[in-house]
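Chain and residue survey
What follows is each chain in one-letter form.
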Amino acid sequence: MHSRSFAPRFTLSRGLALAAGLLLLPAALPSMAVTDEIQVYTDEINEPGERGLELHINTTPRGRRTPDYEGELPPHHGLRVTPEFSWGLTKTLEAGLYVPMATSAEGNLYLGGAKVRLKWLPFKQDGWYFGMNGELSNQTLKFSDSHVSTELRIMMGWRNDDWLIGLNPIFGWGLSKGHRGSPETEMAYKVGRRVTEGISLGFEYYNGMGKLEQRLPFEQQDRRLFLVMDFDRDPWVFNVGIGHGLNNASDDWTVKAIFEIPFN
């Protein structure tokens, strides 16, 4: 979760044009999935050859008990643990691998399959940044109603020594037979303020809006607000947060953490 700097390779306008083109890719029906990570992607990327390991953990002390589809693992009293391995390929490219797993309210452990990703961060200048992250998932029915799915996450925002502002428009497609159509859409926001050396406090807001072609009514959208802390004092680097659902369509309470683990 460290911030790293490099020289920009192209203009922001070209990046926005490319993002618009990617959004015209063939769409598919949304894939309802276990939330294996709760995170706003910002301007962080591994250096070339650098390896990383993060541990994503979240749990829902009080949330939805009824499956959204037959076979799904509901979030109530569940614990989700996902190791994320990352490798820096170039100054602007990073590859990653997720291995999600979760426990049910009864304590049973389930493995969720695997997800691979490629992060591209070609623009970072004067505090502004822009990039994209693409994922391809192969998951079990407990975790997703579409066995194979993909996601495109746009990363944009601004950072200085004291403030961080991040925005992620997210588009998710199911690729399995019978799950193809309009993408599921979500917006994720982050605002953080440094309060002392290595410690920032702020908010993260996640808004699941339904299909791109048929947005859910506002009161039916998944809307969760998190109070978060980012801690970066070597060797300890982590993000923790507690979130509350803002309507009846959202899980009432969620606790989440991301720990950066030394991996050399």
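Our structure is the block above this text.
As a starting point, this report considers the structure included with it.

Rules behind the numbers
- Residues numbered from 1 in each chain as written.
- Predicted model: local features only at pLDDT ≥ 70, side-chain atom pairs only at ≥ 80, totals over all residues.
- Heavy atoms only, no water.
- Helix = DSSP H or I, 4+ residues; strand = E, 2+ residues; numbered from the N terminus.
- Pairing = 2+ DSSP bridges.
- Phe/Tyr/Trp six-rings, centres within 6.5 Å; stacked < 30°, edge-to-face > 60°.
- Buried < 20%, exposed > 50% of the residue type's maximum accessible area, 1.4 Å probe, protein only.
- Lys NZ or Arg CZ within 6 Å of the ring centre and 35° of its normal.
- Patch = residues over 30% accessible without salt bridge, like charges linked within 9 Å, V, L, I, M, F, W, Y side chains within 5 Å.
- Areas by Shrake-Rupley, 256 points an atom, 1.4 Å probe, with all protein chains shown as cover.
- Salt bridge = Lys/Arg side-chain N within 4 Å of Asp/Glu carboxyl O.

So, unusual backbone geometry
Going from D234 to P235, the amide bond is cis rather than trans, its omega being 10°. Relative to the elements of secondary structure, P235 occurs in the loop between β12 (222-233) and β13 (236-245). Despite not being glycine, H77 shows a phi value in the positive range, around 60°. Its location among the elements puts H77 in the loop between β1 (51-62) and β2 (79-88).

Some details on the pairing of strand β14 (residues 253-261)
The pairing of β1 with β14 spans eight bridges and is classified as antiparallel. What sits directly across from N58, in β14, is K256. By the bridge criterion, seven bridges tie β13 to β14 in an arrangement that is antiparallel. When the bridges of β14 are listed, H244 appears paired with W253.

With respect to the pairing of strand β10 (residues 184-196)
As paired strands, strand β9 (residues 163-174) and β10 are joined by ten bridges and run antiparallel to one another. Looking at β10, one finds that G172 is bridged to E184. Two successive antiparallel strands, β10 and strand β11 (residues 199-211), enclose a turn made up of two residues, where G198 displays a positive phi of approximately 80°.

Side note on the packing of aromatic side chains
Under the defined criterion, the tally for this structure stands at five aromatic pairs. Taking the centre distance of 4.9 Å and the plane angle of 5° together, the rings of F231 and F238 count as stacked. Given a relative accessible area of 17%, F231 falls into the buried group. Grouping aromatic residues by their ring pairs yields a cluster made of F231, F238 and F259. Here K115 stacks its cationic end above the ring of Y98, 5.1 Å away from the centre of that ring. Sitting above the plane of the Y41 ring, R153 keeps its charged end 4.2 Å from the centroid.

Quick word on a nonpolar patch on the surface
A grouping of F203, L225, L227, I242, L246, W253 and V255 is seen on the molecular surface, where their side chains present a nonpolar patch of about 600 Å² in accessible area. Elements represented by at least two residues in the nonpolar patch include exactly β12 and β14. Relative to the helices and strands, I242 resides in strand β13.

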